[in-house]
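Overview (structure and organization)
For reference, the chains in residue letters:
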Amino acid sequence: MLRVGGKTACMACRSMVSTNMGVRFPVPLQKLHPLSRSIHHRFSGNANPQRPPHRMAARYFTSMSRLPMRPPKPPRGSGGRGYQQQRNFWMVRLATRLLKLRYILLGGAVGGGYTAKKTYEEWKDMLPDFGEYNWVIPDFIWELSEQIDLDKLAKALPEMEEIAKLLPDLDKIGENFAFLKSLLTSGVILGSEVKGAGLHLLLETSGDPPLKATDSSSAAAQDPSDKQYKKPSDKEKFDQLQEELLRTQLKYQRMLERLEKENKELRKVVLQKDDKGIHQRKVKKSLIDLYSEVLDILSDYDANYNTQDHLPRVVVVGDQSAGKTSVLEMIAQARIFPRGSGEMMTRSPVKVTLSEGPHHVAMFKDSGREFDLTKEDDLAALRREIELRMRKSVKEGQTVSNETISLSVKGPGIQRMVLVDLPGVINTVTAGMASDTKETIFSISKAYMQNPNAIILCIQDGSVDAERSIVTDLVSQMDPQGKRTIFVLTKVDLAEKNLASPNRIQQIVEGKLFPMKALGYFAVVTGKGSTGESIDSIKDYEEDFFQNSRLLRDGMLKAHQVTTKNLSLAVSDCFWKMVRESVEQQADVFKASRFNLETEWKNNYPRLRELDRNELFEKAKNEILDEVISLSQVTPQHWEAILQKKLWERVSTHVIENIYLPAAQTMDSGTFNTTVDIKLKQWTDKQLPHKALEVAWETLQEEFARFMAEYKGKDQDDIFDKLKEAVKDESIKRHKWNERAMDGLRVIQHNALEDRSITDKPQWDAAIQFMEETLQSRLKDTDSVIRDMVGPDWKQRWLNWQNRSPDQHIRNETKNELERLLKLHEDHTAYLANDEVTTVRKNLEGRSVEVDPVLIKDTWHQLYRRHFLQKALSHCSLCKRGFYYYQRHFVDSELECNDVVLFWRIQRMLVITANTLRQQLTNTEVRRLEKNVKEVLDDFGEDMEKKTHLITGRRVQLAEDLKKVREIQEKLEAFIEALHKEK
């Protein structure tokens with residue numbers, strides 16, 4: 001009897017008996033099995049009436065479930081032989097039913113559950129050892145079983161008939177296993193006469209204990225009394241036995257592959273069946289994904305892989321073009337890496353996280369795009385993306401990079417592990433490579449291999465001479481005892497074809513040829529060398545080669561040492577063994593590091609929050625944006641005053657030297673106005689608008705810098721100074737003034753300078769004041785120049801003990817002579833005539849002073865300038881009362897105030913220009929500058945190298961380390977917890 005659901009089944013008659021009262025039997029009482037009929041009588045009231053029916057039923061079913069396999073005793077007198085036949089028949093039927101029932105429960109293992117797992121373990125003990133084939137029940141099913149409600153899952157699962165359609169022909173499988181058992185048994189019997197290692201390997205793989213051949217069986221095998229029988233020689237016996245062994249091995253392998261394929265399809269169908277929304281729930285991350293996240297964080301935290309990072313990973317190393325990438329692709333079951341004929345393709349480390357899943361897909365760590373590895377277009381796009389990332393990671397002037405590219409690959413039947421594909425080791429630097437390429441590759445490889453928990457997958461090209469290998473010496477240096485090295489010999493097909501002595505391959509895989517040691521040795525074939533080969537075709541080629549290879553037939557290679565499939569199983573087992581042995585120790589290391597960092601922070605920065613570099617950047621970004629916004633709060637009066645002042649400082653020299661003085665020194669009113677109009681027009685067309693825009697742009701920069709400087713006084717953290725300065729400089733550098741505004745500004749300035757109508761007395765007085773201030777400033781500058789020319793006067797010489805130089809003495813004598821000339825001719829022109837220069841020179845020679853004519857003219861220019869400015873200032877005082885005459889256009893030579901009108905025109909132009917520029921600043925340029933600042937901040941925010949350079953200090957680094965160590969510790973603890981649950 002067997003209990004299924006809420007009913008009890010009688011396996012002999014296939015009848016169902018309900019455990020609840022009031023339920024009818026599905027078959028007539030006469031057709032029931034005797035055991036079921038007795039249960040029926042007990043339930044129907046023929047038993048003890050003192051006990052309740054439901055308790056009685058439960059008691060009987062409970063007691064009967066303990067002995068479900070024992071048939072009822074035959075009645076007396078029926079004879080023992082009939083009973084024995086009935087028993088044998090019953091055992092066969094019962095075994096058949098149990099086998100089918102166990103397979104049904106195995107198919108229902110998608111829901112998880114303890115019962116299916118326990119049943120599978122019992123069934124597994126009856127079969128040969130399939131420990132290497134974990135595909136029967138994948139790991140992620142047990143992870144899902146923890147989250148799925150079994151009662152709801154039972155309702156959601158399809159009917160038994162649907163499951164039966166998905167399962168393979170179990171009867172045939174049973175027959176195959178029976179046949180296999182017989183073959184293995186016969187092989188073991190014959191094995192007592194053979195000392196070959198290949199048969200021993202088969203017996204280990206099958207998992208059955210060796211059987212001893214009896215004398216009777218040996219005698220029955222061959223009858224010595226048969227005269228026609230010719231006893232075969234030992235060699236013939238051995239060859240015959242070895243051929244039978246190989247046939248058995250091949251048949252066994254094909255059977256396993258067929259079973260694996262059928263089971264993979266079944267798993268895929270069950271995983272994809274989502275009618276009830278089971279897989280729409282959030283499933284926790286797989287164990288290997290958790291571990292991969294820890295390695296990614298460590299890669300960012302500790303780029304140099306120092307002693308803090310001792311977590312296991314499989315490091316794939318080998319000579320260039322030895323087949324590293326091809327081996328990794330066979331393990332990942334997809335052609336995912338770019339390739340080239342003879343040139344270096346792997347230019348940076350590529351971390352590949354392999355895990356099992358229903359779909360064969362790949363994804364980068366920092367990207368949400370999934371690449372479907374079953375589609376050639378996605379495969380090509382993935383290869384292009386990997387190549388692009390590699391080239392992007394290589395800095396200018398270099399050939400390889402130590403920046404790691406993280407990639408995850410999931411698919412049915414893929415072994416869980418983390419591999420790192422490194423650039424191939426080279427012996428010579430060729431043209432186009434950086435001079436330090438060889439040393440860089442060595443340093444990258446050593447950095448990964450010196451991790452004491454790293455598994456080294458050493459790839460050796462079998463088609464070339466072993467003496468040409470470089471990587472084996474490097475591996476032997478990093479792992480001299482070979483406790484974490486797995487050796488892989490690639491291109492064995494070419495090696496068998498080209499090598500004169502195949503025994504050399506045997507020496508390699510037995511570890512007798514190379515000085516390095518290893519945990520295991522494997523021989524693989526990764527295709528015929530064509531880039532267009534698919535993974536399936538490479539697998540078929542590899543299997544066909546080893547089936548027909550005499551390396552395996554002659555015993556040079558063992559069956560477990562060949563094919564990339566066996567290699568991936570061995571590497572995965574070694575990887576997880578290393579992980580379980582070392583991960584808790586690493587978690588303790590990071591726990592201690594976290595304690596030390598937290599203690600240092602509390603001692604040095606007790607009142608500050610632990611802000612890492614990204615958080616500090618966000619805080620500085622907000623402050624900078626606040627400072628930019630404050631530009632829009634500047635008042636219009638402030639803008640115009642600053643612009644007017646700066647613009648006059650920029651153009652005043654040109655106005656005085658090139659417009660006012662040349663026109664005023666003509667001493668003619670008509671000529672003055674004509675000269676002024678011409679020069680103002682030329683100035684407006686060519687220089688003035690450009691000068692005005694330069695002034696406006698500089699003013700905007702100065703105000704921006706002023707606001708940022710003022711913000712520093714508001715308890716600002718000085719850790720942001722470098723960042724703010726860089727943002728300000730870059731924003732100003734990117735800002736381009738709107739050149740279209742220049743044409744409009746030119747028209748406005750031209751109209752302002754053409755106007756000569758002073759409408760009221762306050763404007764007239766303002767112009768006179770502006771003129772006086774300007775002329776006094778120029779007069780002061782001119783007096784300073786003259787003093788420097790002639791040296792100290794008599795008061796300074798007596799009081800300060802200063803003396804004139806010889807040149808100053810000559811200048812002083814020349815000045816005195818020229819001043820006497822100006823007193824005689826107060827209305828003298830701005831230039832000296834040649835005869836006047838000669839006269840001055842002769843007068844000085846009479847006093848024994850030799851003077852150059854150029855020096856006389858230069859001194860005259862400064863003296864006349866001072867004389868003219870003094871006269872202009874006195875004339876300006878007279879013009880204060882001249883507005884009445886100007887307004888009525890009276891002609892009076894003494895009150896010709898054309899210079900006042902000029903300064904009024906200049907002053908009015910400055911006011912109008914400042915107003916125009918202020919409008920452009922507040923309406924356009926400030927906003928554009930704010931936009932530039934935001935763009936610069938966004939660019940800096942994406943550039944981690946920039947942030948690291950601009951935000952520095954022990955406080956920043958300590959906060960960064962704290963954040964990373966905490967994150968690593970949390971990820972490690974989550975991984976360890978999941979690892980313990982998996983056990």
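Description of the structure in this document. (Residues numbered from 1 in each chain as written. Predicted model: local features only at pLDDT ≥ 70, side-chain atom pairs only at ≥ 80, totals over all residues. Heavy atoms only, no water.)

**Section: the overall build of the chain**
Along its length, the chain carries 36 helices and twelve strands. Counting only residues that meet the buried cut, the chain has 45% of its 983 residues in that class. Across the chain, contacts joining residues at least 24 apart in sequence account for 78% of those joining residues at least 6 apart. Of the roughly 53400 Å² of accessible surface on the chain, a fraction of 50% belongs to carbon and sulfur atoms. (Helix = DSSP H or I, 4+ residues; strand = E, 2+ residues; numbered from the N terminus. Buried < 20%, exposed > 50% of the residue type's maximum accessible area, 1.4 Å probe, protein only. Contact = heavy atoms within 4.5 Å. Areas by Shrake-Rupley, 256 points an atom, 1.4 Å probe, with all protein chains shown as cover.)

**Points about the packing of aromatic side chains**
Enumeration according to the criterion identifies 15 aromatic pairs in this entry. Aromatic pair F545 and F546: ring centres 5.1 Å apart, planes at 70°, arrangement edge-to-face. By way of ring pairs, the aromatic residues W648, Y660, F770, W860, Y864, F868 and F903 are connected into one cluster. (Phe/Tyr/Trp six-rings, centres within 6.5 Å; stacked < 30°, edge-to-face > 60°.)

**Thoughts on the side chain of R383**
Assignment of secondary structure puts R383 in helix α14 (residues 376-393). The class of R383 is buried, set by a relative accessible area of 17%. Within polar-contact distance, the side chain of R383 engages the backbone oxygen of R335 at 2.7 Å. Contact partners of R383, with chain neighbours within four places excluded, come to R335, I336, F337, P338, R339 and E376. (Polar contact = N/O pair within 3.5 Å; in protein donor to acceptor, adjacent residues only side chain to side chain.)

**Brief notes about the sheet that holds strand β7 (residues 371-372)**
One key point about sheets: their strands pair by backbone hydrogen bonds, in either a parallel or an antiparallel sense. The nine strands are arranged β7-β6-β8-β5-β9-β4-β10-β11-β12 in an open sheet whose pairing can be described as mixed. At either margin of the open sheet sits one strand with a lone partner, and together these are β7 and β12 (520-523). Here strand β6 (residues 361-364) runs beside strand β8 (residues 405-411); their pairing, made up of four bridges, is antiparallel. In the sheet register, V361 faces β8, and the bridge partner there is K410. (Pairing = 2+ DSSP bridges.)

**Quick word on the environment of P480**
Here P480 is to be found in the loop between α16 (471-478) and β11 (485-490). Taking C-alpha positions, P480 is 6.8 Å from K517, a pair spaced 37 residues apart along the chain.

**Examining the pairing of strand β4 (residues 314-318)**
Judged by how many residues are buried, β4 sits mostly within the fold: five of five residues are covered. Here β4 shows a buried face lined by V314, V316 and G318 and a second buried face lined by V315 and V317. Pairing geometry for β4 and strand β9 (residues 417-421), over three bridges, is parallel. If you follow V314 over to β9, its bridge partner there is L419. Judged from the five bridges that link them, β4 and strand β10 (residues 455-461) form a sheet pairing that is parallel. For V317, the partnering residue across the bridge sits in β10 and is C458.

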